[in-house]
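Chain residues, written in single-letter form:
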Amino acid sequence: MRWAGGRRSGNIEDRRGMGVPLVAGGGIGTVVLLVLALFFGFDPGVILNTDTSSPSVTEAPSSSASPSADSQKDFVSVVLADTEDTWAALFRQMNREYRVPKLVLFRGAVQSACGMAGSAVGPFYCPPDHKVYLDLDFFRALSERFRAPGDFAQAYVIAHEVGHHVQALLGVTDRVAATRQRLSRADANALSVRVELQADCFAGVWAHHATASRQLLEEGDIDEGLRAAAAIGDDRLQAQTQGRVAPESFTHGTSEQRARWFKRGFETGEPRRCDTFGGAAL
Ligand SMILES: [Zn+2]
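Residues numbered from 1 in each chain as written. Predicted model: local features only at pLDDT ≥ 70, side-chain atom pairs only at ≥ 80, totals over all residues. Heavy atoms only, no water.

Trainee: Tell me about the side chain of S255, residues and numbers included.
Mentor: Relative to the helices and strands, S255 resides in helix α10 (residues 255–268). The contact partners of S255, leaving out residues within four places of it in the chain, are A230, G233, D235 and R236. (Helix = DSSP H or I, 4+ residues; strand = E, 2+ residues; numbered from the N terminus. Contact = heavy atoms within 4.5 Å.)

Set out below in structure tokens:
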């Protein structure tokens, strides 16, 4: 990506080094959880009700950020700014106002309006406070564990979370939450898949405009994004972690679906083409 000259967002909230008490369960457990809880856009009600009465509590590291981490912060800031510009313009076309989200950088654990969360849950968006939460260590996992390296793979993660914010502003999040209550577990999971695939499509819409308006993308970037989307498909993750695949438990969609919806957003650049709720096959 050609991001170095891009605008920086003023909406980053840097809470790294604030030393939020971290509910322990670290080490191996965290790594496994990272894979299982994966990934962006889990159900906060399930995962964020962390048991804070857990007896072992450690402090998150509070050392100052390394230079490479700060260049990462710079990068995140440029991507966030580009999503702000893109969605502000798209919302204007819809005669709506885009209210920008905050992006909270944290390390180890963080307090959100959705509850306390550890890094293990992966990046997430919390609808009540309109904030995206990101531990930069996740990008290393994305590159090494999920074999989806590259700056655009990281940008896709951010744009996907911003996609959940767009859903909140458009009323999708509330409608889904109301419907979920009446559904069986399997049907609620199926609904989650539609939510996640739409966020993937919205990430693609952003990538379309970042390229068309600001030439942010370079050769190979879209492949990085598609690789990242495919790397975190439910089928592939389940095969890796459980050795078998149980479609009724999918909450994010298959690798093929995630890559395809991202691509649809990228090719059209139109949010209305991201209707994953319309009854059509996913
Ligand atoms: Zn998500």
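We are not done yet, so read on.
Trainee: Could you give me a rundown of the nonpolar core, with the residues and numbers involved?
Mentor: Grouped together as the largest cluster of nonpolar side chains are 59 residues, with contacts concentrated most on W87, F152 and W206. Elements with a contribution of two residues or more to this core: α3 (67–93), β4 (102–105), β8 (131–134), α4 (137–144), α5 (151–170), α7 (185–214), α8 (221–231) and α10. Ranked by the residues each element gives to this core, the list is headed by α5, at 11 residues. With residues near it in sequence (within four places) discarded, F152 still touches M1, W206, A207, L217, D221, I222, E224, G225 and F262. Within the second largest apolar cluster, nine residues are counted, among which are V110, C114, V121 and F124. (Core = buried A, V, L, I, M, F, W, Y, C linked by side-chain atoms within 4.5 Å. Buried < 20%, exposed > 50% of the residue type's maximum accessible area, 1.4 Å probe, protein only.)

Trainee: So what's going on with the packing of aromatic side chains? Residues and values would help.
Mentor: By the definition in use, this model includes eight aromatic pairs. Relative to F202, the ring of W87 lies with its centre 5.3 Å away and its plane at 70 degrees, an arrangement referred to as edge-to-face. Of this pair, W87 sits in helix α3 while F202 sits in helix α7, and the two are 115 residues apart along the sequence. By relative accessible area, which is 2% here, F202 ends up buried. Ring pairing ties together the aromatic residues W87, F91, Y98 and F202, which thus form one cluster. Over the ring of W261 we find R264; its NZ or CZ atom is 4.4 Å from the centre of that ring. (Phe/Tyr/Trp six-rings, centres within 6.5 Å; stacked < 30°, edge-to-face > 60°. Lys NZ or Arg CZ within 6 Å of the ring centre and 35° of its normal.)

Trainee: If you had to explain α8 to someone new, which residues and values would you point to?
Mentor: Summarising burial for α8: nine of the 11 residues are buried, a large majority. Tucked into the core, α8 has its buried residues touching α5, α7, α9 (234–242) and α10.

Trainee: Run through the pairing of strand β5 (residues 109–112), naming residues and quoting values.
Mentor: Bridge count for β5 against strand β6 (residues 115–118) is four bridges, and the pairing is antiparallel. Pairing of A109 across the sheet is with G118, part of β6. Between β5 and the antiparallel strand that follows it, β6, lie two residues. (Pairing = 2+ DSSP bridges.)

Trainee: Describe the confidence of the model for the chain, naming the residues involved and giving the relevant values.
Mentor: When pLDDT is averaged across the chain, the result is 83; 81% of the residues are at 70 or more. Across the chain, the secondary-structure element scoring lowest on mean pLDDT is helix α2 (residues 44–47), at 38, and the one scoring highest is β4, at 97. Predicted confidence for residues 41–65 stays below pLDDT 50, and this span has 51 contacts to residues more than four positions away or in other chains. (pLDDT = per-residue confidence, 0-100.)

Trainee: Before we move on, can you summarise the sheet that holds β8 with the specific residues and values?
Mentor: If you walk across this open sheet you meet the four strands as β1-β4-β8-β7, and the pairing is mixed. Two strands close off the open sheet at either side, each with one partner strand: β1 (12–14) and β7 (124–126). With strand direction ignored, the average angle separating the axes of adjacent strands in the sheet is 25 degrees. Of the strand pairs in this sheet, β7 and β8 are connected by three bridges, and their pairing is antiparallel. Of the residues in β8, the one forming a bridge with F124 is Y133. Along the sheet, α5 contacts β4, β7 and β8; its crossing angle with β7, the most-contacted strand, is approximately 25 degrees. (Axes fitted to C-alpha atoms, helices over the stretch in contact; angles between N-to-C directions.)

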